[in-house]
Amino acid sequence: MENLTSDQKEEFGLLKALSYLEDGYILSAISEKRRNYFKKKGEKILVASGDFKASLSLDDFKRLYKEAIFSLVEDDEPICDPEKDEQYYSWGKEM
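Residues numbered from 1 in each chain as written. Predicted model: local features only at pLDDT ≥ 70, side-chain atom pairs only at ≥ 80, totals over all residues. Heavy atoms only, no water.

Student: Explain the nonpolar core to me, and be specific about the residues and the numbers.
Tutor: With 17 residues, the main nonpolar core has Phe12, Leu21, Leu27, Phe38, Phe61, Tyr65 and Phe70 as its most contacted residues. Of all the secondary structure elements, the ones that give two or more residues to this core are helix H1 (14–22), strand E1 (27–31), strand E3 (44–49) and strand E5 (70–72). Broken down by element, the residue count for this core peaks at five residues, all from H1. Not counting chain neighbours up to four residues away, the residues in contact with leucine 27 comprise Phe12, Ala17, Tyr20, Leu21, Asn36, Tyr37, Phe38, Phe70, Ser71, Leu72 and Val73. (Core = buried A, V, L, I, M, F, W, Y, C linked by side-chain atoms within 4.5 Å. Buried < 20%, exposed > 50% of the residue type's maximum accessible area, 1.4 Å probe, protein only. Helix = DSSP H or I, 4+ residues; strand = E, 2+ residues; numbered from the N terminus. Contact = heavy atoms within 4.5 Å.)

What follows is the structure, encoded as structure tokens:
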């Protein structure tokens, strides 16, 4: 697979997303104004978005994201925000 620059980011639908997930890639898509990340683990699709994490069956994933527009997550693309992580983990220290 070729590397795409940020201005050439490929977007694709469900069928291609399933193929990429099967090959071990991490994908992202925007759903209900939130960026979601997807990775296949065993027979499940893991979904993460902010504080939300879920494990979906393949059928549930297909049903919920059939209209989504996906893109590949590049190796240098941050999946989490280090500043927010630092703030979150510092809350326990302040109590």
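Now, onward.
Student: Residue-level account of the side chain of lysine 40, with values.
Tutor: Counting through the fold element by element, lysine 40 comes out in strand E2 (residues 34–41). Take lysine 40: its relative accessible area is 18%, and that puts it in the buried class. Among the polar contacts made by the side chain of lysine 40, one reaches the side chain of glutamate 22 at a distance of 3.0 Å. Reaching out from lysine 40, the side chain makes a polar contact with the backbone oxygen of glycine 42 at a distance of 3.2 Å. Once you skip the residues sitting within four places of it in the chain, lysine 40 turns out to touch Leu21, Glu22 and Ile45. (Polar contact = N/O pair within 3.5 Å; in protein donor to acceptor, adjacent residues only side chain to side chain.)

Student: Residues and numbers for H1, please.
Tutor: Every buried residue belonging to H1 is among Leu14, Ala17, Leu18, Tyr20 and Leu21, and all of these are buried. Seen along its axis, H1 keeps its buried residues to an arc of 165 degrees; they face one direction. Looking at H1, the residues exposed on the side facing more than 90 degrees away from the buried face are Leu15 and Glu22. Buried residues along H1 sit in contact with E1, E2, E3, helix H2 (58–64) and E5. Downstream of H1 by a residue or two, glycine 24 has a phi angle that is positive, lying close to 95 degrees. (Arc of directions from axis to C-beta.)

Student: Explain the confidence of the model for the protein to me, and be specific about the residues and the numbers.
Tutor: Mean pLDDT over the protein works out to 81, with 71% of the residues at or above the 70 mark. Segment residues 1–7: pLDDT under 50, and seven contacts once partners within four positions in sequence are set aside and those in other chains are kept. (pLDDT = per-residue confidence, 0-100.)

Student: Residues and numbers for the packing of aromatic side chains, please.
Tutor: Both the distance between ring centres and the angle between the ring planes are used here to describe each pair of aromatic rings. Enumeration over the complete set of coordinates arrives at eight aromatic pairs. Consider the rings of phenylalanine 12 and phenylalanine 70, whose centres lie 6.5 Å apart with planes at 20 degrees: the pair is stacked. Separated by 58 residues along the polypeptide, phenylalanine 12 in the segment before H1 and phenylalanine 70 in strand E5 bring together distant segments of the chain. Judged by centre distance (4.8 Å) and plane angle (75 degrees), the ring pair of phenylalanine 38 and tyrosine 65 falls under edge-to-face. A residue pair is termed long-range when its members are at least 10 positions apart, and phenylalanine 38 in strand E2 and tyrosine 65 in the loop between H2 and E5 qualify at 27 residues. Per residue, the accessibility class of phenylalanine 38 equals that of tyrosine 65, and both read buried. (Phe/Tyr/Trp six-rings, centres within 6.5 Å; stacked < 30°, edge-to-face > 60°.)

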